[in-house]
Amino acid sequence: MSTGTDYDSGAPTIEVCIYEQGQLLTRELCESEEDAAVVVERWSDVPGAYVVVDDLTTKHGPDDILAPEDPSLDDDHPIATAPPPGYGTE
């Protein structure tokens with residue numbers, strides 16, 4: 001039996017943000033990894049653009065402190081960084 005807080009609301013579970021030269025161009029909400037992969041593929045050939053994918057299914061409690069973790073603690077999931085200076089200016 002499911003608890004009152006565990007249900008499928010139909011809300012998107014993945015956010016894909018597309019940046020160019022450090023500026024957010026657009027944000028797309030996806031309902032599956034496959035949908036997100038399509039968005040990433042669509043933007044992969046755009047010069048100067050880079051993509052950040054975020055899993056929105058992480059649940060936080062009212063007492064959770066939402067602070068960045070030390071990236072060295074999780075080598076399996078590196079954090080996104082800005083592109084190097086000069087990237088996309090060709």
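Owing to the predicted nature of the structure, the values given are computational and were not obtained by experimental measurement.

## Section: the overall build of the chain
Summing up its helical and strand segments, the chain has one helix and three strands in all. Split into buried and exposed, the 90 residues of the chain put 13% on the buried side. Of the contacts formed within the chain by residues at least 6 apart in sequence, a portion of 50% connects residues at least 24 apart. Accessible surface, the chain: about 7400 Å² in total, of which carbon and sulfur atoms supply 53%.

## Some details on the confidence of the model for the chain
When pLDDT is averaged along the chain, the result is 75; 56% of the residues meet or exceed 70. This stretch, residues 1-5, has a pLDDT under 50; its non-local contacts, to residues over four places away or in other chains, come to one contact.

## Quick word on the nonpolar core
Formed by Ile14, Val16, Ile18, Cys30, Ala36, Val39 and Ala49, the largest nonpolar core amounts to seven residues. Mapped onto this core, the elements with two or more residues apiece are β1 (14-20) and α1 (33-43). With three residues, the single largest contributor to this core is β1.

## Describing the pattern of salt bridges
The tally for this structure, following the rule as stated, stands at two salt bridges. In this structure, Arg42 and Glu28 form a salt bridge, with 2.7 Å as the shortest nitrogen-oxygen distance. One end of the pair, Arg42, is in helix α1; the other, Glu28, is in strand β2 (residues 23-30), with 14 residues separating them in the sequence.

## A few points about the environment of Glu31
On the secondary structure map, Glu31 appears in the loop between β2 and α1. Classification of Glu31 by relative accessible area gives exposed; the value is 55%. In sequence terms Glu31 and Pro12 are 19 residues apart; their C-alpha atoms lie 4.4 Å from each other.

So, how was this worked out
- Residues numbered from 1 in each chain as written.
- Predicted model: local features only at pLDDT ≥ 70, side-chain atom pairs only at ≥ 80, totals over all residues.
- Heavy atoms only, no water.
- Helix = DSSP H or I, 4+ residues; strand = E, 2+ residues; numbered from the N terminus.
- Buried < 20%, exposed > 50% of the residue type's maximum accessible area, 1.4 Å probe, protein only.
- Contact = heavy atoms within 4.5 Å.
- Areas by Shrake-Rupley, 256 points an atom, 1.4 Å probe, with all protein chains shown as cover.
- pLDDT = per-residue confidence, 0-100.
- Core = buried A, V, L, I, M, F, W, Y, C linked by side-chain atoms within 4.5 Å.
- Salt bridge = Lys/Arg side-chain N within 4 Å of Asp/Glu carboxyl O.

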